[in-house]
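Residue-level listing of the chains:
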Amino acid sequence: MRVLLKEILSAFPGIDITKEQQGISVSGQGDLPSWFEATDLASASIASAGLMLSRFAEPFSTQTQMKDELIQVDRRLASFWFGMTLRPTGWELPPAWDPIAGDYRTKEGWIRLHTNAPLHRIAALSVLGQHNDRAALEPIVAKWEANDLEAAIVNANGCAATMRDLASWARHPQGLAVSQEPLIIWKDHGEAERQPHNIDPKRPLSGIKILDLTRVLAGPVAGRFLAAYGADVLRIDPPVWEEAGIIPEVTLGKRCAGLNLKETEDRLIFETLLADADVLLHGYRPEALINLGYDRKTLRKINPGIVDVSLNAYGWSGPWSNRRGFDSLVQMSSGIAEYGMHKSNADKPVPLPVQALDHAAGYLLASAVLHALKENQTSGKVFSAQLSLARVAHLLSQTKRSTLSEGLSAETRTDIASKIEETSWGPALRVKFPLTIKGVPSAWDYPASTLRSSPPIWMG
């Protein structure tokens, strides 16, 4: 864990890595069953977010001045938090995957189709024909060359990824581009008038307004973490977007509103929210906000002091920088799934046991938000940060194992928190939070809720 943590902390300018690591301790036993150090990545990324939170609160809390074991991460619970933490009581979560999503054998090798979003499903079927199940699709996909099908679906505005090995990805133009990017791309936008923020040591992010335009996992994980320490996280979704299998997991602590940024009235509401926000968190592809009329110049005209933290799938340079993507696709492209298949002597792709790229990126996004807020509070400077799933995959790929980790022992009642969460779908329990910060408890003000269930307004 320490090796990965050092790599992560080196992405934050001005951090004394040796000093800060001394305040972090790790407990718990076991590892996710993986051919990569997935649990180390979980522990290190969560520790990073905890460290950045403690640094943000530090000048205002005598308790956080005590550096000995300031931050504790339970690696077993961290592993669980890289999966699904919600345990419904008397109801069931919707399926996480569309029926035709998944891995398919082609003429040579494998390809993964990602069809959870209706528009992505339509795009894939526009290439492959109208089929409703995998059994009908498999013989169709088997007639294609993997790279040709990948290109055809991507050109149709869909999402697909050919399985490549680590060496092939390292030689690929996009793999080369990603390997040369820093883990976090920082940009200094100069100084702006600082907004006064009186920090409550027990709720250090209380009063911080985060406009959350992210979906699926990474960005929502970041918002969920920031909400645990008091941030007002307002998630905005377009009118028809749904993620049925994920929403109960990731909307904890947030309010969820809806706006159509193609409608004049809703754009005015969005711009009013943006003008009052401290942070803009988004996962749009590089050109998406520009196409909506919100390039960086426009965003900073509306709010010169906004902390802009963003994520994309395949990196911010190279020929695929504007390509749609998700964790499971990046695992296929980057060689992670092929390495698992090779080491397992399997006859199909063996991805990570969890969506580790998404979750790790989520905690790194939260870390970047907190680091930028800290810099703004102390120097008045305004920073933006860019991260990508592919760069997180590059980090994890350096930790490949020669033997498979044994895995975690079965979940027990002691792994589960006692508080009932009254979600929009029914009561539920959650796995205990893996992070402990001295003097700074975690707590969420809102249970998980459905999309577009709150008005688009700030609370304070």
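Quick caveat, the model's predicted, so the values are computed rather than measured.

(A) Representation of the pattern of salt bridges in the model. Summed over all chains, the structure comprises 23 salt bridges. Among the salt bridges present, the one from Arg75 reaches Asp40, with a minimum N-O distance of 3.1 Å. With a gap of 35 residues between them, Arg75 in helix α4 (residues 75–81) and Asp40 in helix α3 (residues 38–57) connect regions that are remote in the sequence. With respect to class, Arg75 is no different from Asp40; both count as buried. Glu243 serves as the salt-bridge partner of Arg235, at 3.1 Å between the closest nitrogen and oxygen. Given the relative accessible area of 0%, Arg235 is considered buried. Beyond isolated ion pairs, a larger network of salt bridges with shared partners links Arg215, Arg235, Asp237 and Glu243.

(B) Just helix α15 (residues 327–334), in detail. A large share of α15 lies buried, amounting to eight of its eight residues. Buried within α15 we find Asp327, Ser328, Leu329, Val330, Gln331, Met332, Ser333 and Ser334. Within two residues after α15, Gly335 carries a phi angle of roughly 100°, on the positive side.

(C) Focus on the environment of Gly14. Tracing the backbone shows Gly14 in the loop between α1 (2–9) and α2 (17–21). Considered as a pair, Gly14 and Glu375 are 361 residues apart in the sequence and their alpha carbons are 10.0 Å apart.

(D) Representation of the sheet that holds strand β2 (residues 71–74) in the model. One open sheet accounts for three strands, arranged β1-β2-β16; its pairing is mixed. Edge positions in the open sheet fall to β1 (24–27) and β16 (435–437), since each of these has one partner strand only. Geometrically, the sheet is characterised by an average inter-axis angle of 20° between neighbouring strands, direction not taken into account. Relative to β2, β1 runs parallel, the two being bridged by four bridges. Residue pairing for β2: Ile24 is matched across the bridge by Ile71.

(E) The packing of helix α17 (residues 356–379) against helix α18 (residues 389–397), seen in detail. Two numbers describe how α17 lies on α18: the axes approach to 9 Å, and their chain directions differ by 105°. Our classification of the angle between α17 and α18 gives roughly perpendicular. Facing α17, whose interface residues are Leu357, Asp358, Ala360, Ala361 and Leu364, α18 presents Leu389, Val392, Ala393 and Leu396. Looking at the contact of α17 with α18 residue by residue, the class counts come to eight nonpolar, no polar and one charged.

(F) Just the nonpolar core, in detail. One finds Leu205, Phe225, Leu226, Tyr229, Val309 and Leu435 to be the most contacted residues of the largest nonpolar core, which totals 107 residues. Tallying contributions element by element places α17 first for this core, with 13 residues. If sequence neighbours within four positions are ignored, Val309 has contacts with Leu280, Leu281, His282, Leu365, Ala368, Val369, Ala385 and Leu387. In this structure, Leu259, Phe270, Tyr284 and Ile306 belong to the second largest nonpolar core, which totals 20 residues.

(G) Focus on the sheet that holds strand β3 (residues 86–88). The antiparallel open sheet is built from three strands, whose spatial order is β3-β15-β14. Edge positions in the open sheet fall to β3 and β14 (421–423), since each of these has one partner strand only. Here the strands of the sheet are splayed against their neighbours by 45° on average, with no regard to which way each runs.

(H) Molecular detail of α18. Across the nine residues that make up α18, a large majority, eight, are buried. Where α18 is concerned, the buried positions are Leu389, Ala390, Arg391, Val392, Ala393, Leu395, Leu396 and Ser397.

(I) How the structure looks around unusual backbone geometry. Phi at Asn157 is positive, roughly 70°, even though this residue is not glycine. Here Asn157 lies in the loop between α7 (146–155) and β6 (160–162). A positive phi angle, near 60°, is found at Arg452, a position not held by glycine. As for its position among the elements, Arg452 is in the segment after β16.

(J) Geometry of the pairing of β2. Examined bridge by bridge, β2 and β16 share three bridges and lie antiparallel to one another. Pairing of Gln72 across the sheet is with Thr436, part of β16.

(K) Looking closely at the side chain of His371. Note on placement: His371 falls in helix α17. The class of His371 is buried, set by a relative accessible area of 2%.

(L) Geometry of the packing of aromatic side chains. On inspection of all chains with the given rule, the structure shows 15 aromatic pairs. Between Phe36 and Tyr339, the ring centres sit 5.2 Å apart and the planes meet at 55°, which makes this aromatic pair tilted. One end of the pair, Phe36, is in the loop between β1 and α3; the other, Tyr339, is in helix α16 (residues 336–344), and 303 residues separate them in sequence. Their ring planes at 45° and their centres at 5.8 Å tell us that Trp169 and Trp320 sit as a pair that is tilted. Of this pair, Trp169 sits in helix α8 (residues 166–171) while Trp320 is found in the loop between β12 (307–312) and α15, placing the two residues 151 residues apart along the sequence. Every member of this aromatic cluster is reached through a ring pair, and the members are Trp81, Phe82, Phe225, Tyr229, Tyr363, Phe433 and Trp444. Between Arg134 and the ring centre of Tyr104, over which it is positioned, the NZ or CZ distance is 4.2 Å.

(M) Representation of the packing of α1 against α3. Running from N to C, α1 and α3 point in directions that differ by 45°, and their axes come no closer than 8 Å. One way to sum up the angle between α1 and α3 is to call them oblique. Viewed along their axes, α1 and α3 form a crossing whose handedness is right-handed. Between α1, through Leu4, Leu5, Ile8 and Leu9, and α3, the contact on the second element is made entirely by Asp40, Leu41, Ala44, Ser45, Ala47, Ser48, Leu51 and Met52. The residue makeup of the contact of α1 with α3, split by class, is nine nonpolar, two polar and one charged.

About the thresholds
Residues numbered from 1 in each chain as written. Predicted model: local features only at pLDDT ≥ 70, side-chain atom pairs only at ≥ 80, totals over all residues. Heavy atoms only, no water. Salt bridge = Lys/Arg side-chain N within 4 Å of Asp/Glu carboxyl O. Helix = DSSP H or I, 4+ residues; strand = E, 2+ residues; numbered from the N terminus. Buried < 20%, exposed > 50% of the residue type's maximum accessible area, 1.4 Å probe, protein only. Pairing = 2+ DSSP bridges. Axes fitted to C-alpha atoms, helices over the stretch in contact; angles between N-to-C directions. Parallel < 35°, antiparallel > 145°, perpendicular 65-115°, else oblique. Contact = heavy atoms within 4.5 Å. Nonpolar A, V, L, I, M, F, W, Y, C, P; charged D, E, K, R; others polar. Core = buried A, V, L, I, M, F, W, Y, C linked by side-chain atoms within 4.5 Å. Phe/Tyr/Trp six-rings, centres within 6.5 Å; stacked < 30°, edge-to-face > 60°. Lys NZ or Arg CZ within 6 Å of the ring centre and 35° of its normal. Left-handed = near helix turned anticlockwise from the far one by under 90°.

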